[in-house]
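Spelled out from the first residue to the last, the chains are:
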Amino acid sequence: MEKQQTWFYVAALFIGVAIGLGNAEWGSALQYTVSPVLAILLYSMFAQIPFLQLKQSWSNVRFIGAVLTANFIIVPVVVWLLTWLFPQSPVVLIGVYLVLLTPCIDYVIVFTQLGRGNEKLMLAVTPILFVVQMVLLPVYLWLLTGKEAAELMRVGPFAEAFLFLIVIPLLLAILTQVLSRGNAGGEQVMNATAWLPVPLMALALVVVVASQIGKVYTDFAIIANVIPIYVAFLIVMPFLSRLVALLFRLDIGAGRALIFSSATRNSLVVLPLALALPGDGATIAAAAMVTQTIIELAGELIYIRLVPLFIMRDK
């Protein structure tokens, strides 16, 4: 199921589009399921991240340095330049920043494997990526959003979404890992949670796309303006990441993992933060993020071919 998950997600996108555009009432009703589905999805994802092996994640210092450099130095600069070249309204900018400033911590592992990269390194570094992005995201938003955009971000709803949809699922996942160690029943629970991410991700894509695609369609003139940003991001990041890989003298497998890490974003994890924006801001920002997910999945299908064959070939 993990090896074929890309096609599950593509099918889920089409199903979501069909529901949202085919029956507006169903699409509107599904918006109330988004938060619960995302909370369960995030718990299942976090349960698979080896937080209890965090010390082991520090064993490959060069790869960690390369990943942190690419994701938290190179990417913010690229995103700032792209949003300067393609100006957006404040509320769309928030959606763009939320999705592009946060590296993926879940299906990037599978895409790395499909692209013949070192998926074990990618898995090991996920706890570090998650912790660092959660710490730096508010800083980047403060630095990059203008005054007008900053006023849209009310602390209360934002903090509530972060607490109930990220912090609580994260703590429950860590608690599950702690209680399952050396416990046969706990191991069975962990094995059961390993089956959840792919179907729950597909379900989340269905409900998110179905509930937001109407807004994308209605405001397509607004949303279409962000497409060049997402496409340009997918084009430039592999080549910049390759330079970082050379700088840190990574081997081929680690270099490919770095490319996938820097180009794959964390849309569903930070989507609850976009949905916490007031009024129409939530739907427009979420629609901008859904658009990125659709473009990214198409880009990943190209990446898994081009990265090993052209961008970072075997010597």
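The shown structure was predicted, so the numbers you read here are calculated from the model rather than taken from an experiment.

Asks: What am I meant to see in the overall build of the protein here?
Replies: Of regular secondary structure, the protein possesses 16 helices and zero strands. The C-alpha radius of gyration of the protein comes to 19 Å, within 12% of the 20 Å expected for a compact globule of 315 residues. A burial count over the protein gives 54% of its 315 residues as buried. For the protein, restricting intrachain contacts to residue pairs at least 6 apart in sequence, the fraction spanning at least 24 positions comes to 88%. Total accessible area on the protein stands at roughly 14,300 Å², and carbon and sulfur atoms take up 69% of it. Averaging the coordinates of the 16 positive side-chain charges in the protein and doing the same for the 14 negative ones gives two points 14 Å apart.

Asks: Which parts of the structure should I look at to understand helix 3 (residues 34-48)?
Replies: Every α-helix carries 3.6 residues per turn, so stepping three or four residues along brings you back to the same face. Taking 1.5 Å of rise per residue, 15 residues should cover 21 Å, and helix 3 covers 21 Å from first to last C-alpha, within 8% of that figure. In terms of burial, helix 3 is largely enclosed, as eleven of its 15 residues are buried. Those residues of helix 3 not exposed but buried are V34, V37, L38, A39, L41, L42, Y43, S44, M45, F46 and A47.

Asks: What should I look at first to understand the environment of N71 in this one?
Replies: Its location among the elements puts N71 in helix 4 (residues 61-85). With a relative accessible area of 0%, N71 lands in the buried category. Between the C-alpha atom of N71 and that of Q133, which follows or precedes it by 62 residues, the distance is 8.9 Å. Looking at N71, its side chain comes within polar contact range of the side chain of S261, at 3.0 Å.

Asks: Before we go on, may I ask you to explain the confidence of the model for the protein in this structure?
Replies: Where the model shows low pLDDT, its predicted coordinates should not be examined in detail. When pLDDT is averaged along the protein, the result is 84, and 93% of the positions lie at 70 or above. Put simply, helix 8 (residues 147-152) is where the protein has its lowest mean pLDDT, 58, and helix 13 (residues 227-247) is where it has its highest, 97.

Asks: Would you mind showing me how to read unusual backbone geometry here?
Replies: With the exception of glycine, the majority of residues adopt a negative phi angle, and the majority of peptide bonds are in the trans configuration. Positive phi, close to 60°, is recorded for R116, a residue that is not glycine. Relative to the elements of secondary structure, R116 occurs in the loop between helix 6 (108-114) and helix 7 (119-144). With a phi angle near 55°, R249 is a residue other than glycine that sits in the positive phi range. Relative to the helices and strands, R249 is located in the loop between helix 13 and helix 14 (252-263). Relative accessible area serves as the criterion here: at 62%, R249 is assigned to the exposed category.

Asks: What is the right way to read the environment of V77 from this model?
Replies: Relative to the assigned elements, V77 resides in helix 4. Overall, V77 belongs to the partly exposed group, its relative accessible area being 45%. Along the sequence, V77 and Q212 sit 135 residues apart, while their C-alpha atoms lie 29 Å from each other.

Asks: Just checking my understanding: could you explain helix 5 (residues 90-100) for this structure?
Replies: The element helix 5 is largely enclosed, with a buried count of ten among its eleven residues. Within the span of helix 5, buried status applies to V91, V92, L93, I94, G95, V96, Y97, L98, V99 and L100.

Asks: What's the story with the side chain of T264 in this structure? I'm lost.
Replies: Its location among the elements puts T264 in the loop between helix 14 and helix 15 (267-275). Judged by relative accessible area, which is 0%, T264 ranks as buried. A distance of 2.5 Å separates a polar atom in the side chain of T264 from a polar atom in the side chain of E300. The contact partners of T264, leaving out residues within four places of it in the chain, are P103, C104, Y107, V108, E296 and E300.

Asks: Just to check I follow, could you spell out the packing of aromatic side chains for this structure?
Replies: The description of an aromatic ring pair rests on the distance of the ring centres and on the angle between the ring planes. Inspection of the entire model under this criterion finds one aromatic pair. With centroids separated by 6.0 Å and ring planes inclined at 80°, the aromatic side chains of F260 and Y303 adopt a geometry described as edge-to-face. Pair noted here: F260 is in helix 14 and Y303 is in helix 16 (residues 280-311), with a separation of 43 residues, a long-range link. Taken individually, F260 and Y303 each receive the classification buried, so the pair is uniform in this respect.

Conventions and cut-offs
- Residues numbered from 1 in each chain as written.
- Predicted model: local features only at pLDDT ≥ 70, side-chain atom pairs only at ≥ 80, totals over all residues.
- Heavy atoms only, no water.
- Helix = DSSP H or I, 4+ residues; strand = E, 2+ residues; numbered from the N terminus.
- Rg over C-alpha atoms; globule rule 2.2 N^0.38 Å.
- Buried < 20%, exposed > 50% of the residue type's maximum accessible area, 1.4 Å probe, protein only.
- Contact = heavy atoms within 4.5 Å.
- Areas by Shrake-Rupley, 256 points an atom, 1.4 Å probe, with all protein chains shown as cover.
- Lys, Arg positive; Asp, Glu negative; His and termini not counted.
- Charge placed at Lys NZ, Arg CZ, Asp CG, Glu CD.
- Expected span 1.5 Å × (residues − 1).
- Polar contact = N/O pair within 3.5 Å; in protein donor to acceptor, adjacent residues only side chain to side chain.
- pLDDT = per-residue confidence, 0-100.
- Phe/Tyr/Trp six-rings, centres within 6.5 Å; stacked < 30°, edge-to-face > 60°.

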